[in-house]
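Tertiary structure, described
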Amino acid sequence: MEKTFYSNGKLLITGEYLVLDGAKSLALPTKFGQYLKVNSGDLSQIHWTSFDFDNSIWFEETISFDEIINFKVSDNLTQRETLIKILHEAHLLNADFLKSSLGYSISTVLTFPKLWGLGTSSTLINNIAQWLQIDAFTLLKNSFGGSGYDIACAQNNTPILYQLENGLPIVENVNFNPEFTDSIYFVYLNKKQSSKTAIENYYKNKKNLDDKFPKLNEITSAVLNSNSLEEFCDLLDKHEKVMSEILELPTVKENLFSDFDGSIKSLGAWGGDFVMAVSKDNPTAYFENKGYKTIVTYKDMIL
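Owing to the predicted nature of the structure, the values given are computational and were not obtained by experimental measurement.

Here we come to the overall build of the protein chain. Of regular secondary structure, the protein chain possesses 11 helices and 11 strands. Compactness check: the protein chain gives a C-alpha radius of gyration of 20 Å against a globular reference of 19 Å for 303 residues, within 12% of the reference. Relative to its full complement of 303 residues, the protein chain shows a buried share of 52%. Across the protein chain, contacts joining residues at least 24 apart in sequence account for 69% of those joining residues at least 6 apart.

Right, let's get into the environment of Y202. The topology assignment puts Y202 in helix α6 (residues 195-205). For Y202, a relative accessible area of 0% corresponds to the buried category. Considering only alpha carbons, one finds Y202 and E248, 46 residues apart in sequence, at a separation of 9.6 Å. With residues near it in sequence (within four places) discarded, Y202 still touches Y17, L18, L20, D21, L209, I246 and L247.

Here we come to the layout of surface pockets. In this structure, the second largest pocket encloses a volume near 240 Å³. Around the second largest pocket, the lining is made up of 14 residues, and of these F137, K141, L164, G167 and P169 lie nearest the centre. Within the residue set of the lining of the second largest pocket, elements represented by two or more residues are α4 (136-143), β6 (160-165) and β7 (168-173). Of the residues forming the lining of the second largest pocket, the biggest block, four residues, is contributed by α4. Across the lining of the second largest pocket, the residue classes tally to six nonpolar, six polar and two charged.

Relative orientation of the contacting elements helix α2 (residues 79-93) and helix α3 (residues 120-132) amounts to 35°, with a least axis distance of 11 Å. Read as a crossing pair, α2 and α3 show a hand that is right-handed. Each of L83, I86, L87 and A90 in α2 lies in contact with α3, whose residues at this interface are L124, I125, I128 and L132.

Tallied over the entire structure, the rule returns 10 salt bridges. Between K280 and E230 there is a salt bridge, with its nearest N and O atoms 3.6 Å apart. Of the two residues, K280 is situated in the loop between β10 (274-278) and α10 (284-289) and E230 in helix α8 (residues 229-247); the sequence distance between them amounts to 50 residues. Among the residues examined, K280 registers a relative accessible area of 64% and is labelled exposed.

Our next topic: the sheet that holds strand β9 (residues 263-266). Reading across from one edge, β9-β10-β8-β11 is the order of the four strands in this open sheet, with antiparallel pairing throughout. In this open sheet, the two strands that pair with only one neighbour each are β9 and β11 (295-297). Pairs of neighbouring strands in the sheet enclose a mean axial angle of 30°, with direction left out of account. Its contacts with the sheet place α8 against β8 (184-188), β9 and β10, and it is angled at close to 45° to β9.

Looking now at the packing of aromatic side chains. A full pass over the atoms with the stated rule returns 18 aromatic pairs. With a centroid separation of 5.0 Å and an interplanar angle of 45°, the aromatic rings of F180 and F232 are classed as tilted. Note that F180 is positioned in the loop between β7 and β8 and F232 in helix α8, a separation of 52 residues in sequence. The residues F180 and F232 share a single accessibility class, namely buried.

Positive phi, normally seen in glycine, also occurs at S44, with a value near 50°. Here S44 shows up in the loop between β2 (25-41) and β3 (45-51). A positive phi is found at N55, a non-glycine position, where the angle reads about 75°. In this structure, N55 sits in the loop between β3 and β4 (57-64). Residue classification places N55 among the exposed positions, given a relative accessible area of 56%.

This part takes up α8. Taking 1.5 Å as the rise per residue, α8 with 19 residues should run 27 Å; its terminal C-alpha atoms sit 27 Å apart, in good agreement. If you check which residues of α8 are buried, you get L229, F232, C233, L235, L236, H239, E240, V242, M243, S244, I246 and L247. Once α8 finishes, E248 follows within two positions and takes phi at roughly 55°, a positive value.

Another aspect to go through is the environment of I128. When you line up the elements, I128 lands in helix α3. Along the backbone, I128 and V38 are 90 residues apart, and their C-alpha atoms lie at a distance of 9.9 Å.

Further remarks concern the nonpolar core. Counting residues in each nonpolar core, the largest one holds 46 residues, and the members touching the most others are L18, F186 and F274. Elements supplying a minimum of two residues to this core: β2, β8, α7 (212-224), α8, β10 and α11 (298-301). Among the elements that make up this core, the one with the highest residue count is α8 (nine residues). Once you skip the residues sitting within four places of it in the chain, F274 turns out to touch L11, W116, L118, F186, V187, Y188, L267, T294, V296 and M301.

Each value, and the rule that gives it
- Residues numbered from 1 in each chain as written.
- Predicted model: local features only at pLDDT ≥ 70, side-chain atom pairs only at ≥ 80, totals over all residues.
- Heavy atoms only, no water.
- Helix = DSSP H or I, 4+ residues; strand = E, 2+ residues; numbered from the N terminus.
- Rg over C-alpha atoms; globule rule 2.2 N^0.38 Å.
- Buried < 20%, exposed > 50% of the residue type's maximum accessible area, 1.4 Å probe, protein only.
- Contact = heavy atoms within 4.5 Å.
- 1 Å grid on protein atoms, 1.4 Å probe; cavity = no way out; pocket = protein on both sides within 12 Å on 5 of 7 lines; lining within 4 Å.
- Points joined across faces, edges and corners; volume = space filled by probe spheres on them.
- Nonpolar A, V, L, I, M, F, W, Y, C, P; charged D, E, K, R; others polar.
- Axes fitted to C-alpha atoms, helices over the stretch in contact; angles between N-to-C directions.
- Left-handed = near helix turned anticlockwise from the far one by under 90°.
- Salt bridge = Lys/Arg side-chain N within 4 Å of Asp/Glu carboxyl O.
- Pairing = 2+ DSSP bridges.
- Phe/Tyr/Trp six-rings, centres within 6.5 Å; stacked < 30°, edge-to-face > 60°.
- Expected span 1.5 Å × (residues − 1).
- Core = buried A, V, L, I, M, F, W, Y, C linked by side-chain atoms within 4.5 Å.

What follows is the structure, encoded as C-alpha cells:
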C-alpha cells in the first residue's frame, strides 16, 4: 500500500544569513512543495526516482541497505552520495526501516521547477522525517546543516517567525496578510544559488554583528506590522542596506535593477533564486524586458 507525504516550499523574507546565528526572521510557506511516495520494493534495497515539476526524471538510482548502513562521510558528495547520507542519518535515528526483509520503491515529485530554489532539500528531509517518524530538525542538522527555517515552513501552512535560541528552533505562527499583497511579486533570477556556498561566504565575511541583530529584529517586527505599501518598501530598503554592509556586496537593486520604481528584496542567498519586488504598478513588463521571464504573484506563490 502506497504511503504519501507532502511538505511545503519556503521563502525567507527577513533575516537571511543572520537567522543562522539567532536573528528573528519572517518566513513564508509556499503553495509549491514536494511529495514523497513510498511503496514496497525489491529485497534489501531502495529504488529511488525523483521527478521534476514537468514529470521529467532528474535522478534515478538503486541503493542497497548495506550502502546506507555503512555509509562513510566524505567531501564533495555526488547527488547519490548525498541521498545516501540523508538516509544513513535517518537510519541512525530510526533503524527499524532497514530491518524489513522487503525493500522500497520511492518516488519524489516536485510541484515547482527544481532550479527555483524553493526547498528541494528541505522538503525531502521533512518528508523522510514524516515517513520514518523522526525529528526533521535533527535530521537536517545531522545531514545538511542550516538554520531549519525551511523545515519549519515545510511543516506549517501559515507565515512564521523563526528564531534559533541556544541552537533550538522557536517557531511562531503569525498573521501576515497586508492589504497590499497585490503589489508584491517574486522574480526568478534565472540561476540557482548554492545555499551552502552563500553560507560559507557569510561566515568568512561577517564582522562583529552585535549591533546588527537588534536592528534586523526590529525591522522584522515592523515588516510584520506594516500598514502601508510605503512603510513596507522603506523597511525592505533598510533591511537590504544592513545586509549589504554585512556581506560587503551591493544590493540586488543596485546591481541589476537600479532604475526600478519600487523596492527589491533579496530572499535567502544573495545573487540567485528569487527576489521580492514591490511596486504600485505591475512590474512584469519591466522584468521581462530585462530578460527575467518568471514573475509570480504573491497570491500564486504564498500559502
